[in-house]
Amino acid sequence: MKKIMFLLLVPFLFPLTSNAKDFLGAPVILQGTTIQKTDSRLELKTPLSHDEVVSFYRQALKDSENIKFREWKDATYIEDDGKMPWHSITISKGGKESTVIVIVKDNWTWIIGTLVLRYIGVFMVLMILFIGMSVSGKIISKSVQRMEAKKATN
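All values reported here derive from a predicted model rather than from experimental measurement. (Residues numbered from 1 in each chain as written. Predicted model: local features only at pLDDT ≥ 70, side-chain atom pairs only at ≥ 80, totals over all residues. Heavy atoms only, no water.)

1. Comments concerning the sheet that holds strand β4 (residues 41–46)
Strand pairing in a sheet relies on backbone hydrogen bonds. The paired strands run either parallel or antiparallel.
(1) Moving on: As summarised here, the arrangement of the 6 strands in space is β3-β4-β8-β7-β6-β5, forming an open sheet in which the pairing is antiparallel. Both outer strands of the open sheet, β3 (33–37) and β5 (67–71), are each paired with one neighbouring strand and no more. For this sheet the average axis-to-axis angle between neighbouring strands, irrespective of direction, equals 15°.
(2) Moving on: Direction of pairing for strand β7 (residues 86–92) relative to strand β8 (residues 99–105): antiparallel, over a ladder of 5 bridges. Across the sheet, residue I89 finds its bridge partner in β8, namely I103.
(3) Moving on: Lying over the sheet, helix α2 (residues 50–60) contacts β4, β5, β6 (75–80), β7 and β8, oriented at roughly 155° with respect to β7. (Pairing = 2+ DSSP bridges. Helix = DSSP H or I, 4+ residues; strand = E, 2+ residues; numbered from the N terminus. Axes fitted to C-alpha atoms, helices over the stretch in contact; angles between N-to-C directions. Contact = heavy atoms within 4.5 Å.)

2. A short note on the nonpolar core
(1) Moving on: Of all hydrophobic cores here, the largest spans 17 residues; its most connected members are Y57, I78, W86, I89, I101 and I103.
(2) Moving on: Every element with two or more residues in this core is listed here: β4, α2, β7 and β8.
(3) Moving on: Ignoring any residue separated from it by four or fewer positions in sequence, one finds W86 in contact with L24, G25, A26, L61, I67, I78, D80, I103, V104, K105 and D106. (Core = buried A, V, L, I, M, F, W, Y, C linked by side-chain atoms within 4.5 Å. Buried < 20%, exposed > 50% of the residue type's maximum accessible area, 1.4 Å probe, protein only.)

3. Some words on the pattern of salt bridges
(1) Moving on: Summed over all chains, the structure comprises 5 salt bridges.
(2) Moving on: Across the pair E43 and R41 runs a salt bridge whose closest N-O atoms are separated by 3.4 Å.
(3) Moving on: On the basis of relative accessible area, R41 is assigned to the partly exposed category, the value being 31%.
(4) Moving on: For the salt bridge of E79 with R70, the shortest nitrogen-to-oxygen distance reads 2.9 Å.
(5) Moving on: E79 gets classed as buried once you look at its relative accessible area, which sits at 6%.
(6) Moving on: Shared partners join several salt bridges into a network, and the residues in it are R58, E71 and K93. (Salt bridge = Lys/Arg side-chain N within 4 Å of Asp/Glu carboxyl O.)

4. Examining unusual backbone geometry
(1) Moving on: One non-glycine residue, L24, adopts positive backbone phi at about 60°.
(2) Moving on: Backbone geometry at N66 places phi at a positive 60°, although glycine is not the residue there.
(3) Moving on: The residue N66 is located in the loop between α2 and β5 in this model.

5. Remarks on the pairing of β5
Regular strands place their side chains on alternate faces of the sheet.
(1) Moving on: Where β5 and β6 come together, 5 bridges link them in antiparallel fashion. Bridge pairing in β6 places E71 opposite T76.

6. Some thoughts on α2
(1) Moving on: Here α2 has its buried residues at H50, V53, V54 and Y57. Looking straight down α2, one finds that the buried residues subtend no more than 100° of arc, so they occupy a single side. (Arc of directions from axis to C-beta.)

7. Re the side chain of T76
(1) Moving on: By the element assignment, T76 lies in strand β6.
(2) Moving on: A polar side-chain atom of T76 sits 3.0 Å from a polar atom in the side chain of E71.
(3) Moving on: In this view, T76 contacts H50, V54, F69, R70, E71, I89, T90, I91 and K93; residues no more than four positions away in its chain are not counted. (Polar contact = N/O pair within 3.5 Å; in protein donor to acceptor, adjacent residues only side chain to side chain.)

In structure tokens, the structure reads:
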């Protein structure tokens, strides 16, 4: 009887990391095995199909704001544009035997990278507008000079 009680208590004494209910506030499927886990990344492999995993996350995140689901060719990408501690959940469309789920923490590299790209993009647009206006200004001023020269000769 003591052995049976001990065996029943072992899962509670030594819980698996993949049985956690969330990682950085993002829900985690309980039927998964952990491939890699760090402070900023959790990678799981689950026997569930891609569609089952996506429906789990759609249900789990239905009340959350600023969540975007993006269907890519080889994965479904779930992104938080709000203030959650996690940045994205990637669900692979890989093999039929298993689906890989990757949860990544929100980090300053992504935030600063996005801001730098926007900063560069704004100045590239302004530079293109400046060049276009300069070229059109030269064309217009030359055509006005030619018209004035024709008027002066007539």
